[in-house]
Amino acid sequence: MASDLEAKAKEAFVEDHFELAVELLSQAIDIEPTRAELYADRAQANIKLSNFTEAVADANKAIELNPSLSKAYMRKGMACMKLEEYQTAKAALEVGASLAPGESRFAKLIKECDKLIAEESYDTPIQEKTTTQEESANEVQPENVLPEQPPVSVVKSKYRQSASTDVIIVHEFYQKPNEVVVTVFAKGIPRENVTVDFGEQILSVSINVPGEDPYVFQPRLFGKIIPSRCRYEVLSTKIEIRLVKADPIHWTSLEFTRATVPQMVVVPSATGINRPTYPSSKPTRVDWDKLEAQVKKEEKEEKLDGDAALNKFFREIYQDADEDTRRAMRKSFVESNGTVLSTNWKEVGSKKVEGSPPDGMELKKWEY
């Protein structure tokens, strides 16, 4: 059964139906959750859909299941490059190159990583010293006055509440000049059920709750971190994750957004006595219901043509359909190589759906 789904997913991939490929591979993974190749193939489909954090997670899982699977390192490297995680990408590609020395794409991508890393290092601004440190060093300070502690910003966010009333998972974070602390409140979760991975600008948290859907939190972080110095601890009521910042910038949010501009934070030296000011960390109130309604309205009014219009029409039907209709749509679309789309499960469920190419065209099957 899993092999049939895998074959159909490959056919969908060749026909550029990447969303369908992801769904078919997910079904195959449900049947055979320890097959590394399925995760590596789903990572490739996610890359095509620009789901780069999901692709990294799939590649990591494939590597965990089969550390000698070279294409898993290829997928991880490609996804990390898209996320501008060039150091992480290079490390993965170098391992993959050692496993598949005859694969020229590894060398090409590693060379590209080296170029991007060099450009990134060249563009990094050098922070200048504050001008008042030497002058204020001569000022006399009152006795018994403790140095002012840098303020800490705190943001709380309810990420997901499980269907069970006994398990509620919430995450929050606060930061210091050189560190961000993320706390995931999950009571009574065994350590072996928790997986935390660090990338150059990615945090991946996975919690398997018995009887529940897995909790997965994979944000692209606001700023870059130093993975080798990051750590986490599983406690009885929470998971505490400490992220070491690569640069002393103030994170206005936990997750990366292109609309925000990093703000440098001045960290006082041990002897410096001037007191820097810090940007306010008070979260802005956002009307999420209004924002969601606006997005849905824009999506509904969006005018598309060609394949984009067809794919949107397909998604709208699929989203509102019952399970039999969805099965009929998947089966007819895959078996006919994208030339037939049926919503009648009674009609297509008991037979193979043959392809029906347009007039004047010939149906061909392509290898994956």
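Residues numbered from 1 in each chain as written. Predicted model: local features only at pLDDT ≥ 70, side-chain atom pairs only at ≥ 80, totals over all residues. Heavy atoms only, no water.

**A short note on the packing of aromatic side chains**
In this structure the tally under the stated criterion is two aromatic pairs. With centroids separated by 5.2 Å and ring planes inclined at 70°, the aromatic side chains of Phe13 and Phe18 adopt a geometry described as edge-to-face. The residues Phe13 and Phe18 share a single accessibility class, namely buried. On the numbers, 6.2 Å between centres and 45° between planes, the contact of Phe222 with Trp251 is tilted. A residue pair is termed long-range when its members are at least 10 positions apart, and Phe222 in the loop between strand E6 (215–217) and strand E7 (231–234) and Trp251 in the loop between strand E9 (249–250) and strand E10 (263–264) qualify at 29 residues. When its relative accessible area of 1% is taken as the criterion, Trp251 is described as buried. Lying over the aromatic face of Trp345, Arg327 brings its terminal NZ or CZ to 4.1 Å of the ring centre. (Phe/Tyr/Trp six-rings, centres within 6.5 Å; stacked < 30°, edge-to-face > 60°. Buried < 20%, exposed > 50% of the residue type's maximum accessible area, 1.4 Å probe, protein only. Helix = DSSP H or I, 4+ residues; strand = E, 2+ residues; numbered from the N terminus. Lys NZ or Arg CZ within 6 Å of the ring centre and 35° of its normal.)

**Looking at the packing of helix H2 (residues 18–31) against helix H11 (residues 323–335)**
Viewed as axis vectors pointing N to C, H2 and H11 meet at an angle of 110°, and their least axial separation amounts to 12 Å. Considering their axes alone, H2 and H11 lie roughly perpendicular with respect to each other. As for the relative orientation of H2 and H11, their crossing is left-handed in sense. Contact residues: H2 offers Leu20, Glu23, Leu24 and Gln27, while H11 offers Arg330, Phe333 and Val334. (Axes fitted to C-alpha atoms, helices over the stretch in contact; angles between N-to-C directions. Parallel < 35°, antiparallel > 145°, perpendicular 65-115°, else oblique. Left-handed = near helix turned anticlockwise from the far one by under 90°. Contact = heavy atoms within 4.5 Å.)

**Let's talk about the environment of Asp324**
Here Asp324 shows up in helix H11. Each C-alpha atom, one on Asp324 and one on Gly349, is 9.2 Å from the other, the two residues being 25 residues apart in sequence.

**What about the pairing of strand E8 (residues 238–244)?**
For E8, the buried fraction is high: six of the seven residues fall into the buried class. Two strands pair when backbone bridges link them, and strand E3 (residues 179–185) and E8 are joined in this way by seven bridges, in the antiparallel orientation. The residue bridging Val180 from the neighbouring strand is Leu243, located in E8. One ladder, built from four bridges, connects E7 with E8; its direction is antiparallel. If you follow Arg231 over to E8, its bridge partner there is Arg242. Between E7 and E8, which pair antiparallel one after the other, the connecting turn spans three residues. (Pairing = 2+ DSSP bridges.)

**Regarding the packing of helix H5 (residues 70–82) against helix H6 (residues 86–99)**
Between H5 and H6, the least distance of the axes is 8 Å, while the angle of their chain directions is 160°. The angle between H5 and H6 places the two elements in the roughly antiparallel class. Note that H5 runs across H6; the crossing there is left-handed. Judged by residue contacts, Ser70, Tyr73, Met74, Lys76, Gly77, Cys80 and Met81 of H5 engage Tyr86, Thr88, Ala89, Ala92, Leu93, Val95, Gly96 and Leu99 from H6.

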